[in-house]
Amino acid sequence: MLLSPRARRQKRALDRWQASRDTPHRDSVCNAPSTNMYFCVNGTVAPCWLYFPNRPPTWSPERSILDIWRGPEFTEVRQALADGRFIGRCGTCGHDVATGNRPLAAAYDNEHEIGEFPTMLELELSNLCNLECIMCSGELSSKIRRTEGRPALVSPYDDSFVDQVAELLPHLHELRFNGGEPLMQPIVHKIGERIGDLRPDLKVTIATNGTIINDKARRLMERCNIHVNISIDSLIPERYAQIRVHGDLHQVQANFDEYLGYCHRGGRNLAVMVNPMRVNWDEMADYVWWTVEKGAFLWFNTIRYPEHLALWNLPAGELAHIHDTLAAKALPEPAEGPDGDVCRGNREVFERFVHSQLATWRDEAEGRPDPVPVEPVPVPVRIGVKSG
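A few points on the structure. (Residues numbered from 1 in each chain as written. Predicted model: local features only at pLDDT ≥ 70, side-chain atom pairs only at ≥ 80, totals over all residues. Heavy atoms only, no water.)

### With respect to the nonpolar core
Then comes step 1: F39, F161, L175, I191, I232 and L270 are the most contacted members of the largest nonpolar core, which totals 85 residues.
Then comes step 2: Every residue in contact with I232, bar those within four places of it in the chain, is listed here: Y240, L249, V252, F256, V272, M273, V274, Y287 and W290.
Then comes step 3: Counting 19 residues, the second largest nonpolar core, distinct from the first, contains W17, L81, I87 and Y108. (Core = buried A, V, L, I, M, F, W, Y, C linked by side-chain atoms within 4.5 Å. Buried < 20%, exposed > 50% of the residue type's maximum accessible area, 1.4 Å probe, protein only. Contact = heavy atoms within 4.5 Å.)

Here it is as structure tokens:
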């Protein structure tokens, strides 16, 4: 059967993606539904934060974690991806594969066995949070929800959920706690106690805004194998306060140093997570210098919403300016051997963002209708930030 030119291009892109993957498991174009379960604050469950079926399964005391894992919703997406089909919102990863960008699917490529049980859980169990970040919403921030005048979210997760997670601990390779702010949430500490009792070796990754480090957090760190992802969206105090409302960059940096010392002493990972947006894109090279100096890993998230903060929908000319400005930035040079691994990795993250993601958005913006209008955010004078 002869393929159309478009189908041939898609096949070549898919072949390149399959050949590039860092996993022995390539029978499916994405392993998320065969390894991972992502639990949201409202009880809905999906293979990742991006893909949800039209009628997503919902955890409850009547429908257990394993009932969902073995249920029709996960089975359907597993089959589609095994057939090479990116269905529904999996199309976002399909588009990234077609354009040569790193898809979210890559986050689920590893050596975890694929079998009867999930090997990773991503738990977004409460919206309890102490910040009102401008790119967030009341679904993931209790503080924003109060400001909006909406009633508090009631979490569906109870002690029976904690018990079910504990039963899965022998099968897990990693467990991740995501927002609001996990370290404020009692259920996170309940699960942490069970992990400390039953699987203290299990890799536990906490995504935190870095504002909290107290006795409860330190107990969690003492009893569990904690790896830390800290979200820091500006290295300029005034701008940071504009983005992460109620946050104080100086306090976060002090907490960061304590978390970093803990991770370095235990051979654990600490990553700085950044959301490149219209209000902070000019700092992205600075993060490479800062994280390399600190010995921390770097990661850039992709912000698509809210649209007035996103980069992807800017006009081609503005995206070209951002691309060219960042491409001209000097970056630190890595040392020889393992000592240069962090630098090489962080440079790769930056270069992939600039030369692949931004370049793709710039090219796609040609001929697109006018972008979403944006109100300018005042930019403070930059002081003492090394950009090379």
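Still more to cover.
### Here's the deal with the packing of helix α13 (residues 316-327) against helix α14 (residues 341-365)
Then comes step 1: For the pair α13 and α14, the least separation of the axes is 8 Å and the interaxial angle reads 160 degrees. On the basis of the axis angle, α13 is roughly antiparallel to α14. By crossing handedness, the relation of α13 to α14 is classed as left-handed. Mapping the contact onto sequence places A316, L319, A320, I322, H323, L326 and A327 in α13 and F350, F353, V354, H355, L358, A359, W361, R362 and A365 in α14.
Then comes step 2: Across the contact of α13 with α14, the residue classes tally to 13 nonpolar, two polar and one charged. (Axes fitted to C-alpha atoms, helices over the stretch in contact; angles between N-to-C directions. Helix = DSSP H or I, 4+ residues; strand = E, 2+ residues; numbered from the N terminus. Parallel < 35°, antiparallel > 145°, perpendicular 65-115°, else oblique. Left-handed = near helix turned anticlockwise from the far one by under 90°. Nonpolar A, V, L, I, M, F, W, Y, C, P; charged D, E, K, R; others polar.)

### Examining the side chain of D233
Then comes step 1: Tracing the sequence through the fold places D233 in the loop between β7 (225-231) and α10 (237-243).
Then comes step 2: D233 sits in the buried class, given a relative accessible area of 0%.
Then comes step 3: Here R244 takes part through its side chain, which lies 2.8 Å from a polar atom of the side chain of D233.
Then comes step 4: Every residue in contact with D233, bar those within four places of it in the chain, is listed here: M135, Y240, I243, R244, M273, V274, N275, N280, E283 and Y287. (Polar contact = N/O pair within 3.5 Å; in protein donor to acceptor, adjacent residues only side chain to side chain.)

### Re the packing of aromatic side chains
Ring pairs (aromatic) are described by centroid distance and by the angle formed between their planes.
Then comes step 1: By the definition in use, this model includes eight aromatic pairs.
Then comes step 2: Positioned above the aromatic ring of W69, the side-chain terminus of R78 is 4.4 Å from the ring centre.
Then comes step 3: Over the ring of W312 we find R304; its NZ or CZ atom is 5.3 Å from the centre of that ring. (Phe/Tyr/Trp six-rings, centres within 6.5 Å; stacked < 30°, edge-to-face > 60°. Lys NZ or Arg CZ within 6 Å of the ring centre and 35° of its normal.)

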